[in-house]
Amino acid sequence: MVLPGSNIVIGPYAGHAQIKEVEFVKSSGRAKDCPRDGRPEFAILGRSNVGKSSLINALVRKKEVALTSKKPGKTQLINHFLVNKSWYIVDLPGYGFAKAPGSVRMDWSAFTKGYFLNRDNLVAVLLLVDASVPPQKIDLDCANWLGRNNIPMTFVFTKCDKMKGGKRPDENIRNFQELMRENYRHHPPWIMTSSVTGLGRDELLLHMSQLRNYWDQ
Ligand code: GDP
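Residues numbered from 1 in each chain as written. Predicted model: local features only at pLDDT ≥ 70, side-chain atom pairs only at ≥ 80, totals over all residues. Heavy atoms only, no water.

With an unreviewed UniProt entry as reference, the protein chain is termed EngB-type G domain-containing protein, source organism Punica granatum. Looking at the protein chain in UniProt, the text filed under Sequence similarities (unreviewed entry) is "Belongs to the TRAFAC class TrmE-Era-EngA-EngB-Septin-like GTPase superfamily. EngB GTPase family." (UniProt positions renumbered as here; feature names shortened; annotations may be inferred.)

Caption draft 1: Broad picture of the site of the ligand. Around the ligand there are 14 residues in total, and K52, S53, S54, D161 and S195 lie nearest to it. Residue S54 places a side-chain N or O atom 2.6 Å away from an oxygen atom belonging to the ligand. Out of a free accessible area of 580 Å², the ligand has 72% covered by protein chains. With 3 residues, the single largest contributor to the shell around the ligand is helix α1 (residues 52–60). Considered class by class, the residues forming the shell around the ligand number 2 nonpolar, 7 polar and 5 charged. (Near = heavy atom within 4 Å. Polar contact = N/O pair within 3.5 Å; in protein donor to acceptor, adjacent residues only side chain to side chain. Areas by Shrake-Rupley, 256 points an atom, 1.4 Å probe, with all protein chains shown as cover. Helix = DSSP H or I, 4+ residues; strand = E, 2+ residues; numbered from the N terminus. Nonpolar A, V, L, I, M, F, W, Y, C, P; charged D, E, K, R; others polar.)

Caption draft 2: Broad picture of the environment of G46. Counting through the fold element by element, G46 comes out in strand β2 (residues 41–46). It is 6.6 Å that separates the C-alpha atoms of G46 and V129, two residues lying 83 residues apart in sequence. Look past the residues within four positions of G46 in its chain and what remains in contact with it is K52, G94, Y95 and L128. (Contact = heavy atoms within 4.5 Å.)

Caption draft 3: Region of the structure containing the pairing of strand β6 (residues 153–158). The buried count for β6 comes to 6 of 6 residues, which makes it a mostly enclosed element. Both faces of β6 are covered, namely the face carrying M153, F155 and F157 and the face carrying T154, V156 and T158. Examined bridge by bridge, strand β5 (residues 122–130) and β6 share 6 bridges and lie parallel to one another. Across the sheet, the residue bridging to L126 is T154, located in β6. At this point the chain moves from β5, through helix α4 (residues 137–148), to the parallel β6, and the crossover so formed is right-handed. Across 3 bridges, the pairing between β6 and strand β7 (residues 190–192) is parallel. Bridge assignment links F157 to a residue of β7, and that residue is M192. (Buried < 20%, exposed > 50% of the residue type's maximum accessible area, 1.4 Å probe, protein only. Pairing = 2+ DSSP bridges. Right-handed = clockwise from strand over helix to strand, strands pointing away.)

This is the structure:
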């Protein structure tokens, strides 16, 4: 079965997908300070304002989680949330602050690079892409960097309920995918979501359960 609003095929590995409990574990300033219990984890990444807090909130259905990750001082940290005592959602600093000078952007990549390149228990990165705007170079650059470093990723298109400047989200998504196709033989998994309507929420959790179960094998 292909999940609606995605290219994701769900097979027998998909299993328990619901979130029963979630607890904040810690904020880490460096990759080597992250939890070392080896539980599988998903990193959530995207441009600031892409809708990351809203999506995390919609996934876990708990406001405190997204609030924690928005607290001043924590936005530039790697925040670990333990789900059902068995796997992590990892909130990474947003990239591409419009007003940040180039040097600040560089700091982001140096800091987060260490995390991506050294995290053995990383199942996949959920790369959030705003579907209400045309493709942004910074998102494509980020996707290409992850791809070049063989880091598994899923494109999670956010704000799919929203129309801006006459462009429909599905048109923006198609344009984004065409640009990605220039660099990928196989397009990574992608899924449409909206934190306003709840579109894609259960499907994304099912996809994550399938990836977790593959990873466990
Ligand atoms: P973050 O900076 O990536 O954590 O982004 P936020 O979650 O704070 O969202 C940024 C802005 O986008 C806020 O004004 C949200 O209300 C809005 N937003 C987030 N998700 C959605 C969505 O699915 N649909 C719409 N229409 N707006 C959204």
